[in-house]
Amino acid sequence: MTVTVLLFASYADVLGCESVEMSLPAGATAADALSRLRALPGGGALPPAPLLAVNLEYARAESPLQSGDELAVIPPVAGG
Amino acid sequence: MRAAIVERVIDVAALLGEVAAASHGATVLFVGTVRDVNDDRAVAGIDYTAYVPMAEREMQRILREAAERFGTDAAVIEHRVGHLALGDASVAIAVAHARRAQAYAASRYILEALKQRVPIWKRESYVDGTREWVTQQGAVVAQQD
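Residues numbered from 1 in each chain as written. Chains lettered and ligands numbered in written order. Predicted model: local features only at pLDDT ≥ 70, side-chain atom pairs only at ≥ 80, totals over all residues. Heavy atoms only, no water.

### Here we look at the nonpolar core
Side chains that are nonpolar tend, in soluble globular proteins, to be buried together.
Residue and element names in this part refer to chain B.
Moving on, step 1. Within the largest apolar cluster, 29 residues are counted, with the highest numbers of intra-cluster contacts made by Ile5, Met59, Ile77, Ile93, Ile110, Val118 and Ile120.
Moving on, step 2. At the level of elements, strand 1 (2-6), strand 4 (41-50), helix 2 (52-70), strand 5 (74-80), strand 7 (89-97), helix 3 (100-117) and strand 8 (120-126) are the ones that each hand at least two residues to this core.
Moving on, step 3. For this core, the leading source of residues is helix 3, giving six residues.
Moving on, step 4. Once you skip the residues sitting within four places of it in the chain, isoleucine 5 turns out to touch Ala50, Val52, Ala55, Glu56, Met59, His79, Val81 and Ile120. (Core = buried A, V, L, I, M, F, W, Y, C linked by side-chain atoms within 4.5 Å. Buried < 20%, exposed > 50% of the residue type's maximum accessible area, 1.4 Å probe, protein only. Helix = DSSP H or I, 4+ residues; strand = E, 2+ residues; numbered from the N terminus. Contact = heavy atoms within 4.5 Å.)

Below, the structure written as C-alpha cells:
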C-alpha cells in the first residue's frame, strides 16, 4: 500500500521536503512509517515520539494505516 | 461558528459583525499580534505556516467545545499565515453571548486550546538576521500515554 507522509516546519527542514510517498506492507502502522522516515537523510533528527495525525486527526503511533492515508508528522505547535 | 486559516489581513470589524445579534449583551474580541521582543530577543517578524485542513478542523472542534461548555454558539476565529510584520494580527477570536462571563471564558478557552493543539507553526526572524522555529510553553510536543 502507498501512504503520503507530510512534514511541516522544522521537520520539513531537517528532511529537506514537505511530503514523502511511501510504500508499506499491508498492516503497517504509523510507527512503521516513522521508522522508514528516520532512515532517510536527516530523518535521524526527528524526536523519539513526535505527534502524529492520520487523515487530519491526531493518532497514536500504533494506529494501522490504509492505502491512500495521509500521515502527518506534527512538530510542537506554536499558533497564536 | 466559523474557523479559518487566512492569507490576508484579518478584518476584526468583520468578525464582530459576524457574531452580532440583538440577544447578545457581551462580545469579546481577542486579537493576537506580533510582538517586538520574545525571550529577550529583538523580533523583526514572524512567518506562520499551518497544516491548513487539519488546523481548520481542529479550530472548528474547539469552537464546538466552547459552545458546549459556555453556551457560546456565536463565535468565529481566523488565524493568518504567511509573513507578518510587527504589530500585525496573527489571530482574532470574536465571541458573543447574552452575558459577559460566558463570553470572556469562551474567548480564553478557545485561545488556550488553539495554542495547545492546532497545527500551526511560527518561525521568528530576529533583528540580528537569524531565524528560528518557536516552541511555545504548554504545547503538547510528543505522544503521551
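### With respect to unusual backbone geometry
Residue and element names in this part refer to chain B.
Moving on, step 1. Even without being glycine, aspartate 39 reaches a positive phi, approximately 50 degrees.
Moving on, step 2. Mapped onto the elements of the fold, aspartate 39 is located in the loop between strand 3 (37-38) and strand 4.
Moving on, step 3. Given the relative accessible area of 68%, aspartate 39 is considered exposed.
Moving on, step 4. Despite not being glycine, aspartate 40 has its phi angle at roughly 65 degrees, a positive value.

### Re helix 3 of chain B
Given 3.6 residues to a turn, an α-helix orients residues that are three or four positions apart in the same direction.
Moving on, step 1. Given a rise of 1.5 Å per residue, 18 residues ought to cover 26 Å, and the 26 Å separating the end C-alpha atoms of helix 3 of chain B matches this to within 8%.
Moving on, step 2. The complete set of buried residues in helix 3 of chain B reads B:Ala103, B:Ala106, B:Ser107, B:Tyr109, B:Ile110, B:Leu111, B:Ala113, B:Leu114 and B:Arg117.
Moving on, step 3. The inward-facing, buried residues of helix 3 of chain B contact strand 4 (57-59) of chain A together with strand 2 (26-33), helix 2, strand 5 and strand 7 of chain B. (Expected span 1.5 Å × (residues − 1).)

### Observations concerning the side chain of A:Ser63
All names here are of chain A.
Moving on, step 1. Position of serine 63 among the secondary structure elements: in the loop between strand 4 and strand 5 (70-74).
Moving on, step 2. Since its relative accessible area comes to 18%, serine 63 is described here as buried.
Moving on, step 3. In this structure serine 63 touches Ala28, Thr29 and Ala30, once residues within four positions along its chain are discounted.

### Digging into helix 2 (residues 30-38) of chain A
Residue and element names in this part refer to chain A.
Moving on, step 1. Turning to helix 2, its buried residues are Ala30, Ala33, Leu34 and Leu37. What you see down the axis of helix 2 is that its buried residues fit within an arc of 100 degrees, all on one side.
Moving on, step 2. Contacts from the buried residues of helix 2 go to strand 1 (2-7), helix 1 (9-15), strand 2 (19-23), strand 3 (51-54) and strand 5. (Arc of directions from axis to C-beta.)

### Some points on the packing of aromatic side chains
Moving on, step 1. Per the counting criterion, the structure on display carries three aromatic pairs over all chains.
Moving on, step 2. Ring geometry for A:Phe8 and B:Tyr51: centres 4.7 Å apart, planes at 35 degrees, overall tilted. Placement of A:Phe8 in the loop between strand 1 and helix 1 and of B:Tyr51 in the loop between strand 4 and helix 2 is noted, with the two residues assigned to different chains.
Moving on, step 3. A residue is classified by how much of its surface remains accessible, and A:Phe8, at 13% relative accessible area, is buried.
Moving on, step 4. B:Tyr51 sits in the buried class, given a relative accessible area of 4%.
Moving on, step 5. With a centroid separation of 4.9 Å and 20 degrees between ring planes, the pair formed by A:Phe8 and B:Trp121 is classed as stacked. Of this pair, A:Phe8 sits in the loop between strand 1 and helix 1 while B:Trp121 is found in strand 8, placing the two residues in two different chains. (Phe/Tyr/Trp six-rings, centres within 6.5 Å; stacked < 30°, edge-to-face > 60°.)

### Details of the sheet that holds strand 2 of chain B
All names here are of chain B.
Moving on, step 1. Taken in spatial order, the four strands make up an open sheet running 1-5-7-2, and their pairing is mixed. Of all strands in the sheet, those with a lone pairing partner are strand 1 and strand 2, marking the two edges. In this sheet, neighbouring strand axes are inclined to one another by 5 degrees on average, regardless of whether the strands run parallel or antiparallel.
Moving on, step 2. Set on the sheet, helix 2 makes contact with strand 1, strand 5 and strand 7; between it and strand 1 the angle comes to about 150 degrees. (Pairing = 2+ DSSP bridges. Axes fitted to C-alpha atoms, helices over the stretch in contact; angles between N-to-C directions.)

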